[in-house]
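The residues making up each chain are set out below.
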Amino acid sequence: MIRRVGLVDLLWRGAALFRWFALAYAAVLVSSRHDNYVHPALGWFVLSIMVVWTAVATWAYSDRSRRTTPLILADLAVTLAVLASSHWILGAVELDSGNVTLPGAWVAAPLLVIAIHAGRRIATLVALVIGGVDAAVRGWFVIGLPPEPSLNATALLLLTGFITAYVARLAADTEQRLAHAAEREAATRERERLARGIHDSVLQVLALIQRRGSEIGGEAAQLGRLAGEQEATLRTLVAGSRPADDAPSALVDLRERLSRFARTDVTLSSPATPVLLPAAKADAITAAVGAALDNVALHCGPNAPAWVLVEEERDGVTVTVRDDGPGFAENRLVEAKKEGRLGIAQSIIGRVRDAGGTATVTSEPGNGTEIELRLPLRR
């Protein structure tokens, strides 16, 4: 199976390559200037530690599951220890002359990692810490002010951390948008596939029921009318379209959506003022209420009374559907789901959950059923 490489993963790979190039540069510095070191043998030993840690870090960061905070902190600790060792290995004379420390640019490797992982603020703090250690190594505490090479290094670290974190943020946002675009494209293709099958079967059957019901009259006419409503709803669903002024984020009055359910056997109670919801959420609640009322007609009879109560609160909207039917046992929903009967689980609970809300079903044998649809909102 081929694993897709994301933009953020490419940044992690770039940080690993930088670590190796910086290590090669540090090796060149040690090999060319070790004669000027106070402890050259110790310099080669520290360089070997850098080689080992570079290999370990490259392996560890290659997998997303291993990119954890403890590993990053250990990376930073090793880097600071190597940087601090320059004080004893190079000596004051070598450092005072303005030469780079033993690890050189290698100290920026954990900064890149932290910038990608934690963002700009943490990267800025880490850059200041590395710059402070560099200043201490060069004799900050002796001369009283950070030396100029240390100030230049700190400025470059700050700039590197900020830019890397900014690019990582852009890469993550772009990756997320690409994923959403791919999901939408896949959903569109699936909808088109389903639309072809539904058009050739279900829609034609519903249209036939509507026409024949109107011709026969009586109770068949009522059945035909319901079939016509379901046909129109299904056509809108498979087409994936809605009116131009009814975008998913547009505010609509939930009362108007639910008003089509009000009839002699269904009592609708709602506030006197508009209950405004985003169109997508209002559609989800409306569809869930319709599914609940369909269950009432199916299990309690076509003319069984039902009550729909709409309540608007400060932090959300609650819609309750209640009937006086036979009810069912507590474990009936679990059994129905195992049997593949997903009416309540998908048509009601699933719809409301996808809209960001919750659905609670309360029922007892002989005491009817109550379904509470709760949708939290930010005012």
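Let me begin by describing the structure that accompanies this report. Computed from a predicted model, the values in this text were never measured in an experiment. (Residues numbered from 1 in each chain as written. Predicted model: local features only at pLDDT ≥ 70, side-chain atom pairs only at ≥ 80, totals over all residues. Heavy atoms only, no water.)

**Thoughts on the overall build of the protein chain**
Looking only at helices and strands, the protein chain features 14 helices and seven strands. When the 379 residues of the protein chain are sorted by exposure, 36% land in the buried category. In the protein chain, 68% of the contacts between residues at least 6 apart in sequence involve partners at least 24 apart. Looking at the protein chain as shown, the accessible area adds up to about 22000 Å², and 61% of this sits on carbon and sulfur atoms. (Helix = DSSP H or I, 4+ residues; strand = E, 2+ residues; numbered from the N terminus. Buried < 20%, exposed > 50% of the residue type's maximum accessible area, 1.4 Å probe, protein only. Contact = heavy atoms within 4.5 Å. Areas by Shrake-Rupley, 256 points an atom, 1.4 Å probe, with all protein chains shown as cover.)

**Considering the sheet that holds strand S4 (residues 306–313)**
If you walk across this open sheet you meet the five strands as S2-S4-S5-S7-S6, and the pairing is mixed. Of all the strands in the sheet, the pair left with one neighbour each is strand S2 (266–269) and strand S6 (358–363). Pairwise comparison of adjacent strand axes, ignoring direction, gives a mean angle of 15° for this sheet. Here S4 pairs with strand S5 (residues 316–323) via eight bridges, running antiparallel. Counted as the bridge partner of glutamate 313 is glycine 316 from S5. Sitting on the sheet, helix H12 (residues 279–300) is in contact with S2, S4, S5 and strand S7 (369–376), with an inclination near 10° to S5. (Pairing = 2+ DSSP bridges. Axes fitted to C-alpha atoms, helices over the stretch in contact; angles between N-to-C directions.)

**A few points about the side chain of aspartate 9**
Relative to the helices and strands, aspartate 9 resides in helix H1 (residues 7–33). There is a polar contact of 3.1 Å between the side chain of aspartate 9 and the side chain of arginine 67. (Polar contact = N/O pair within 3.5 Å; in protein donor to acceptor, adjacent residues only side chain to side chain.)

**Considering the packing of helix H5 (residues 109–118) against helix H6 (residues 120–137)**
Direction vectors running N to C along H5 and H6 enclose 160°, while the axes themselves pass 7 Å from each other. Comparing the axis directions of H5 and H6 gives the class roughly antiparallel. Note on packing geometry: the crossing formed by H5 with H6 is right-handed. Across the interface between the two elements, Leu111, Ile114, Ala115 and Ala118 of H5 pack against Arg120, Ile122, Ala123, Val126, Ala127 and Ile130 of H6. Among the residues making up the contact of H5 with H6, the classes are represented as nine nonpolar, no polar and one charged. (Parallel < 35°, antiparallel > 145°, perpendicular 65-115°, else oblique. Left-handed = near helix turned anticlockwise from the far one by under 90°. Nonpolar A, V, L, I, M, F, W, Y, C, P; charged D, E, K, R; others polar.)

**Comments concerning the environment of aspartate 9**
Note on aspartate 9: relative accessible area 6%, which makes it buried. Residues aspartate 9 and aspartate 63 lie 54 residues apart in sequence; the distance between their C-alpha atoms is 9.2 Å.

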